[in-house]
Amino acid sequence: MSIAVRTDLDQLCVNTIRTLSMDAVQAANSGHPGAPMGLAPVAYCLWQKFLRFDPQDPIWPNRDRFVLSAGHASMLLYSLLHLTGVKAVSKEYEALGEPSVPLDAVKKFRQLDSRCPGHPEYRWTSGVETTTGPLGQGLANSVGMALAGRWQAAHYARPGFADLIDFNVYAVCGDGCMMEGISAEAASLAGHLKLANLCWIYDNNHVTIEGNTALTFTDDVATRFIGHGWNVTRVGDANDLEMLARAFRTFLATRDRPTLIIVDSHIAYGAPNKQDTSGAHGEPLGEDEIRLAKRHYGWPEEAKFLVPEGVYEHFRDGMGKRGKELRDAWFARVQEYRAQYPELADEFYRLHHRQLPEGWDRDIPKFAADAKGMATRDASGKVLNAIATNVPWMMGGSADLGPSCKTRLTFDGAGEFSAENPGGRNLHFGIREHAMGAVLNGMALVKVRAFGSTFLIFSDYAKPAIRLSALMELPVIYVFTHDSIGVGEDGPTHQPVEQVAALRGIPGLSVLRPADAVETAEAWRAVMKLHHQPAALVLTRQAVPIFDRTKYASADGVARGAYVLADTADGKPDVLLLATGSEVALALEAFENLTADGVKARVVSMPSWELFDDQPAEYREGVLPPTVRARVSVEQASTFGWSKYVGDTGHSIGMRSFGASAPLKHLVQKFGFTVGAVVEAAQEQIRRAKRR
Ligand SMILES: Cc1ncc(C[n+]2csc(CCOP(=O)(O)OP(=O)(O)O)c2C)c(N)n1
Ligand SMILES: [Mg+2]
């Protein structure tokens, strides 16, 4: 790599990033100008001299990834995407040829439908590699990207193609990201895994919203990261392009550890009254201060959104030219690879287009009826293994609960992912649920099929990342076991109550709580077909019966979210029993009792509200006839939300308090999950309906 000789054009480009950011925030009358102004030279040096990125093809698989973890500094990224002329890409992965961020979008920063929303949004603005804003998430995403990059490198490497996949991942973070716990989880994992393809850049400007970091943050960050097993280097002046280039070269030369570059910078650099103050963090500088800052840069004071002559050309001749050459050379290599290894090349293509291999579901086991039954977590483990055997790029693991969540891949060749064996498909996240969620997002962003597991109760620890899986429309699969008071003796700390409701509250997340082993297999089948949606499988620790499907309906209905499992002979029930998961067996028992007493009941197994809500009205009304208002729901979880299906007049049997530590047989009595309680509620519902 040649020495980065500083030219006037370099400085002009840096100041263009700054002034575009200032002007956009001012025009929007909202946003964060300070960080982009301080970081402009850092981002410029990285993009122009190092980042292997082709603006004409921003989804080229072996591109370096740039993550702006400090998402509030979004104008930094939008300025770069604009100035380098990054092209828009459609959802079908076709380049469209239009600019991703035209100048007009910058002028409409933070306005409705602008490609420059307040914080960077993946899938909305091409070139944005991940959605950031909730601080620290981007850092953990970058670990997932680097990890999946290492896996792809190992998995697809063949003689003569040892470096087919060798992209690097750069993430820019601020004080906020450093303070968030997730950054420590993620850094610890990255250091342990020796992810040498990962570089974090810390914008050490000593300012957050409430003031100087002396208020809150006196960590010795360098020592902290050395403790995590990272290489740490420092740039004492963010404006020193030579020192920055040297730091990036140090990263590239470090082959055994991730690298942290601590950059001492000035928030709102060049604004005479606002530099180094929290006032520059999250509000427009004001017209007067902008003029003064522009004077400081030697910029025409009255010009707005000015891109001086030579700036676009300079980026085109720098990053643009370098990126295109690298991209073209890589595709030429892939052609050679395809000729020699057509199957692997086909696999790689499918991976990158979120397609499944032919026959991916051929080994999914069939479970025979069994009254004693099987825990749905156990069924899930068998199904997961059957699927992963046939989907070579499916990988994941657990936050130290693999043996309990049954998410270990046990077939030959699955392997353990480690620094020494990056081709392994079993990950060990350690007890780091929050980072696990965000790492899974990062993995999904580089297109491997990622899954992760923990107890349902600890989904709360990963919630911010799960929310982002949904916001980014990533097909991450969460496996949450130990799903209710069924946990028994572990007690209320470990018994989920409100978790299912909270997960159902996340738009775009499909939550599935299958009733038996057969439904579990169908749930996995449905989830694997979701290519742009995350899913949460909610599974039991305890055994549940496997229903006799010759007596009751087949489980094909799982894909539709809810289905009639058992019905009256004439299909005209007087009462509906709605249940999910382990409580479907209870509803069936109540159904048998009611039927014996001549009551016309129907059992609806309802593994997924979201899948059901997506069905046409005709189907939904067939399952839950609007005229039948006598309805009882049964679920060992908060009743929150069930009125949507049972109506104002229906009854919900569920949890209205925390659980308790006791054997399950005592808990079901205490909390009213008994056949008697369900039968009684059903009869009361019918009596009431008659009175109406
Ligand atoms: C998880 C999370 N908590 C709080 C916020 C609100 N917030 C946005 S920026 C910021 C301060 C960040 O400080 P720093 O990273 O140093 O950025 P700088 O002020 O240097 O631009 C806060 C608290 C957030 N975006 N995400
Ligand atoms: Mg700061």
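These figures come from a predicted structure and were not determined experimentally.

A.B. asks: It is not clear to me how the site of ligand 1 should be interpreted in this structure. Could you clarify?
C.D. replies: In the vicinity of ligand 1 lie 15 residues, with His72, Gly133, Gly176, Asn205 and His281 positioned nearest. Backbone polar atom of Gly176 to an oxygen atom of ligand 1: 2.8 Å apart, as the coordinates give it. Measuring from an oxygen atom of ligand 1, one finds a side-chain N or O atom of His281 at 2.5 Å. Protein coverage of the free-state accessible area of ligand 1, which is 590 Å², stands at 74%. Sorting the residues of the shell around ligand 1 by element identifies α6 (175-179) and β6 (207-208) as the ones contributing at least two each. Here the shell around ligand 1 is composed, by residue class, of 6 nonpolar, 7 polar and 2 charged.

A.B. asks: It is not clear to me how the packing of helix α19 (residues 583-596) against helix α24 (residues 675-691) should be interpreted in this structure. Could you clarify?
C.D. replies: Packed helix pairs are specified by the crossing angle of their axes together with the interaxial distance, meaning the distance between the axes. Viewed as axis vectors pointing N to C, α19 and α24 meet at an angle of 60°, and their least axial separation amounts to 9 Å. Here α24 runs oblique to α19, going by the angle between their axes. As α19 packs across α24, the resulting crossing turns out to be right-handed. In contact with Leu586, Glu589, Ala590, Asn593 and Leu594 of α19, α24 contributes Val675, Val678, Val679, Ala682 and Gln683. Across the contact of α19 with α24, the residue classes break down as 7 nonpolar, 2 polar and 1 charged.

A.B. asks: Please clarify how the sheet that holds strand β4 (residues 169-173) should be interpreted in this entry.
C.D. replies: Within a sheet, adjacent strands bond to each other through the backbone by hydrogen bonds, running parallel or antiparallel. If you trace the 5 strands from one edge of the open sheet to the other, you get β1-β4-β5-β9-β8, paired in parallel fashion. On the outer flanks of this sheet lie β1 (65-68) and β8 (231-235), each paired with one strand and no other. Here the average twist between neighbouring strands, direction ignored, is 20°. Across 6 bridges, strand β5 (residues 198-204) lies against strand β9 (residues 259-264) in parallel orientation. Opposite Cys199, over in β9, you have Thr259 as the bridge partner.

A.B. asks: In this structure, what is going on with the nonpolar core? I would like to understand it.
C.D. replies: It is characteristic of soluble globular proteins that their nonpolar side chains tend to be buried jointly. Ranked by size, the top nonpolar core spans 170 residues in total, and within it Trp200, Met394, Met443, Trp524 and Leu577 carry the most contacts. Sorting elements by how many residues they give to this core places helix α5 (residues 137-156) first, with 10 residues. Once residues lying within four places of it in the same chain are set aside, the contact partners of Met443 are Gly144, Met145, Leu147, Ala148, Met395, Leu427, Val448 and Ala450. Core analysis: the second largest hydrophobic core is formed by 55 residues, Val86, Val101, Phe305 and Met319 among them.

Cut-offs and rules
- Residues numbered from 1 in each chain as written.
- Chains lettered and ligands numbered in written order.
- Predicted model: local features only at pLDDT ≥ 70, side-chain atom pairs only at ≥ 80, totals over all residues.
- Heavy atoms only, no water.
- Near = heavy atom within 4 Å.
- Polar contact = N/O pair within 3.5 Å; in protein donor to acceptor, adjacent residues only side chain to side chain.
- Areas by Shrake-Rupley, 256 points an atom, 1.4 Å probe, with all protein chains shown as cover.
- Helix = DSSP H or I, 4+ residues; strand = E, 2+ residues; numbered from the N terminus.
- Nonpolar A, V, L, I, M, F, W, Y, C, P; charged D, E, K, R; others polar.
- Axes fitted to C-alpha atoms, helices over the stretch in contact; angles between N-to-C directions.
- Parallel < 35°, antiparallel > 145°, perpendicular 65-115°, else oblique.
- Left-handed = near helix turned anticlockwise from the far one by under 90°.
- Contact = heavy atoms within 4.5 Å.
- Pairing = 2+ DSSP bridges.
- Core = buried A, V, L, I, M, F, W, Y, C linked by side-chain atoms within 4.5 Å.
- Buried < 20%, exposed > 50% of the residue type's maximum accessible area, 1.4 Å probe, protein only.

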